[in-house]
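Okay, here's what each chain looks like letter by letter:
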Amino acid sequence: MQNTNPKIQDRINKIIYLQDEIKKWEEKDEFEIENLMKNFEKMTRIEGSVFYTKYFTDEEFSNILLAIARKYPGNKSIIIDIITALGMMITRYKLNETEEIYTFMLEYSSQKGISAYVSIYLPSLTGFEKHPNQWEYYMSMRKMTPKKIAQQKLVGIIEQNINNIPEKYTGEIIHFLKERHDAANNDFGKKMYLEMIEKIK
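Please read these numbers as outputs of a predicted model, since none were measured by experiment. (Residues numbered from 1 in each chain as written. Predicted model: local features only at pLDDT ≥ 70, side-chain atom pairs only at ≥ 80, totals over all residues. Heavy atoms only, no water.)

1. A closer look at the packing of aromatic side chains
For the coordinates displayed, the defined rule picks out 10 aromatic pairs. Relative to Y108, the ring of F104 has its centre 5.5 Å away and its plane inclined at 65°; by these criteria the two rings are edge-to-face. Since its relative accessible area comes to 5%, F104 is described here as buried. Among the aromatic side chains, those forming a connected cluster through ring pairs are F40, Y52, F56, F61 and Y93. (Phe/Tyr/Trp six-rings, centres within 6.5 Å; stacked < 30°, edge-to-face > 60°. Buried < 20%, exposed > 50% of the residue type's maximum accessible area, 1.4 Å probe, protein only.)

2. Describing the layout of surface pockets
If you roll a probe as big as a water molecule over the atoms, it shows you where there is empty space left. Size it by volume and the largest pocket reaches roughly 160 Å³. Lining the largest pocket are R180, A183, A184, N185, N186, F188, G189, M192 and Y193. At the level of secondary structure, the elements contributing two or more residues to the lining of the largest pocket comprise α10 (167-183) and α11 (187-200). Counting residues per element, the lining of the largest pocket draws most heavily on α11, at 4 residues. Split by residue class, the lining of the largest pocket holds 5 nonpolar, 3 polar and 1 charged. (1 Å grid on protein atoms, 1.4 Å probe; cavity = no way out; pocket = protein on both sides within 12 Å on 5 of 7 lines; lining within 4 Å. Points joined across faces, edges and corners; volume = space filled by probe spheres on them. Helix = DSSP H or I, 4+ residues; strand = E, 2+ residues; numbered from the N terminus. Nonpolar A, V, L, I, M, F, W, Y, C, P; charged D, E, K, R; others polar.)

3. Notes on the pattern of salt bridges
Inspection of every chain in the model, using the stated rule, returns 7 salt bridges. Close ionic contact of E21 with K24 constitutes a salt bridge, the shortest N to O distance being 3.2 Å. Exposure remark for E21: the relative accessible area of 16% places this residue in the buried category. Among the residues examined, K24 registers a relative accessible area of 36% and is labelled partly exposed. One salt bridge connects E41 with R45, and the closest N-O pair in it is separated by 2.3 Å. Pair noted here: E41 and R45 are both in helix α2 (residues 30-45), with a separation of 4 residues, about one helical turn. Look at E41 and you get buried, because its relative accessible area is 6%. Of the residues examined, R45 reaches a relative accessible area of 44% and is grouped as partly exposed. (Salt bridge = Lys/Arg side-chain N within 4 Å of Asp/Glu carboxyl O.)

4. Comments concerning the environment of V50
As for its placement among the helices and strands, V50 is situated in the loop between α2 and α3 (53-56). Distance from V50 to Y93, taken between C-alpha atoms, is 8.2 Å for residues 43 residues apart in sequence.

5. Concerning the packing of α10 against α11
Packing of α10 against α11 leaves a shortest axis separation of 8 Å and a crossing angle of 165°. What the angle tells us is that α10 and α11 run roughly antiparallel. For the pair α10 and α11, the crossing hand works out as left-handed. Two secondary-structure elements touch here, α10 through T170, I173, I174, L177, K178, R180, H181 and D182 and α11 through K190, Y193, L194, M196, I197 and I200. Along the lines of polarity and charge, the residues of the contact of α10 with α11 split into 8 nonpolar, 2 polar and 4 charged. (Axes fitted to C-alpha atoms, helices over the stretch in contact; angles between N-to-C directions. Parallel < 35°, antiparallel > 145°, perpendicular 65-115°, else oblique. Left-handed = near helix turned anticlockwise from the far one by under 90°. Contact = heavy atoms within 4.5 Å.)

Written as structure tokens, this is what we have:
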């Protein structure tokens, strides 16, 4: 660790501490686990560094997170934090995506109040490549809550696939973008939505 600066070393120490505490989750009550997960999830979202990779690609630890999720399926806070932590560990740090992780994400992909957090990561997962109807899933994001998170993700997906939108969905997507245009509170946003509409037409 000689090459790490003090700020990064402090963060590594915090990650190690949180992981060690989470590994002892069976000795803790639900409130303690909720607090640990909240703090751990934040660590997966801080400015990335190669020095964190070994901690965030630990498959044994990812299995512990899944075990906690199975134990507390009704605790929305714990579930959202585990979705975010695993999502960041896979998309940013390249944690191996197992079938169990993909199934877990899929389980919450239409659950009210949670589905929007899943939508941030699910389309990036390898398992999603086999999804029977990806565009049907994308379109379902319009109704997900929290609305802002899901709709921002949908706009990003439309942008990335602007030339490959199935004809079946172009009308709905144009309608969605018009709604976003009307709700935009600045000229830049309005212009962006109009340009996207023009490319789809």
